[in-house]
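# A closer look at the structure
Residue-level listing of the chains:
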Amino acid sequence: TAFTDDINTVLLLNADLNQGTWFEDQSTGLAISTDSRMKFDGTDDSLSIPDSSDWEFGSGDFCIEAWVNVNENTTTKTVWATTNLDDNGGMFCNYGAAVGLYWYIGTGSGHIVVTASVPAVGEWHHIACVRSGTGTNETIIYVDGVSAGTGTYTDDSQDAGANGFYVGDWPPNSWDMDGYMDEIRVSNVERYSGAFTPKGRGETFTADANTLLLIHSDWTGGLGADSSGNYNNFTATNLVATDQMID
């Protein structure tokens, strides 16, 4: 029986070719990265942060971003959400073959959706959901610094359903994240306007006056805490210290 690749695998030679003596390394390279990340296994792994006015952006600018690496992209999974309600309030960011990369913004009586292409499996991507104004196409999904989807959203009705912040989970559905995340940051400014070069993997964000939540996942003792200075500390569900990796 062949060994399988996982986050702790540095080299994997299965030696199962039926011709010749050359064998390709089957490891993904995740384990030899110099970067940290949190592992979500697709079954009820999540972080939850309590309700706060920090998740109510009004009609102002904001940015919700993270580095994301997915293990599969066929079924619908959640990156983050600002609500645990199954209605037309709050926001969430999902991905999957049927929906692509999908930013849902509840308006109270309906919703607005901004979509982009689904992330490729096994690749790190910087994903930023940004509102940089209330004009046409100023609600934007940036993938690796490039605008990948736009929409128009003009008011503050998403605040009505905002009752917390959830990483890897939207509680009304079993769309649990299956993959890895790092450098999760929520800001009450746009952060990005037009194409940009994201900080590289291994380059941490720095908290400033506009940072509402910042999870580095680089604490050697485990999952760590909010580094924004706002004390938006999270509760982990089915995530333990070994689900956070320092290489």
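Residues numbered from 1 in each chain as written. Predicted model: local features only at pLDDT ≥ 70, side-chain atom pairs only at ≥ 80, totals over all residues. Heavy atoms only, no water.

### Here we look at the sheet that holds strand 5 (residues 91–96)
Operational definition: A pair of strands is treated as paired once DSSP finds two or more bridges between them. Under the DSSP-based scheme used, a helix requires at least four consecutive residues in state H or I and a strand at least two consecutive residues in state E, with every element numbered from the N terminus. For helices, the axis comes from a line fit to the C-alpha atoms of the stretch in contact; other axes are also lines fit to C-alpha atoms, and the angle between any two N-to-C directions lies between 0 and 180 degrees.
One open sheet holds the seven strands; their spatial order is 7-6-5-4-11-2-14, and the pairing between them is antiparallel. The two strands at the open ends of the sheet, each matched to only one other strand, are strand 7 (111–116) and strand 14 (235–237). Strand-to-strand twist in this sheet, taken as the mean axis angle between neighbours without regard to direction, amounts to 20°.

### Thoughts on the pairing of strand 4 (residues 77–81)
Applicable threshold: Think of it in three bands: with a 1.4 Å probe and only protein chains considered, a residue is buried below 20% of the maximum accessible area for its type, exposed above 50%, and partly exposed in between.
For strand 4, the tally of buried residues reaches five of five residues, placing the bulk of the element in the interior. Taken together, the four bridges between strand 4 and strand 5 define a ladder with antiparallel strand orientation. Note on strand 5: the bridge partner recorded for W80 is C93.

### Focus: the pattern of salt bridges
Any two side chains of opposite charge can pair, so long as their charged atoms come close to each other. Let me state the cut-off plainly: By definition here, a salt bridge exists when the distance from a side-chain nitrogen of Lys or Arg to a carboxyl oxygen of Asp or Glu is within 4 Å.
Per the stated rule, a full pass over the model turns up four salt bridges. A salt bridge links D182 to R201; the nearest nitrogen and oxygen atoms lie 2.5 Å apart. With a gap of 19 residues between them, D182 in strand 12 (residues 178–187) and R201 in the loop between strand 12 and strand 13 (211–215) connect regions that are remote in the sequence. In this structure D182 comes out as buried when scored by relative accessible area, which is 3%.

### Here's the deal with the packing of aromatic side chains
To keep it simple, the criterion reads: The rule is short: rings of Phe, Tyr and Trp, with Trp giving its six-membered ring, pair when the centres are within 6.5 Å, and they are stacked under 30 degrees, edge-to-face over 60, tilted in between.
Here the structure, examined in full by the defined rule, presents 11 aromatic pairs. Taken together, a centroid distance of 6.1 Å and an interplanar angle of 85° make the contact between F62 and W103 edge-to-face. Taken together, the residues span a long stretch of sequence, with F62 in strand 3 (residues 62–70) and W103 in strand 6 (residues 100–106) at a distance of 41 residues. Each of the two residues, F62 as well as W103, counts as buried. Taking 3.8 Å as the distance between ring centres and 5° as the angle between the ring planes, the aromatic pair formed by Y192 and F196 counts as stacked.

### Some thoughts on the side chain of T78
Worth spelling out the cut-off: By definition in these notes, contact holds between two residues if any of their heavy atoms fall within 4.5 Å.
Assignment of secondary structure puts T78 in strand 4. Ignoring any residue separated from it by four or fewer positions in sequence, one finds T78 in contact with C93, N94, G168, D169, W170, W175 and M177.

### Some remarks on the environment of D45
The test is simple: The term polar contact refers here to a pair of N or O atoms within 3.5 Å; inside protein, the definition further demands a hydrogen-donor-capable atom paired with an acceptor-capable atom, and it admits residues adjacent in sequence only when both atoms are side-chain atoms.
Tracing the chain through its elements places D45 in the loop between strand 1 (37–41) and strand 2 (46–49). Spatially, the C-alpha atom of D45 lies 9.6 Å from that of V240, the residues being 195 residues apart in sequence. With near-sequence residues (within four places) excluded, D45 lies in contact with K39, F40, V167, G168, T237, N238 and L239. There is a polar contact of 3.0 Å between the side chain of D45 and the backbone nitrogen of D41.

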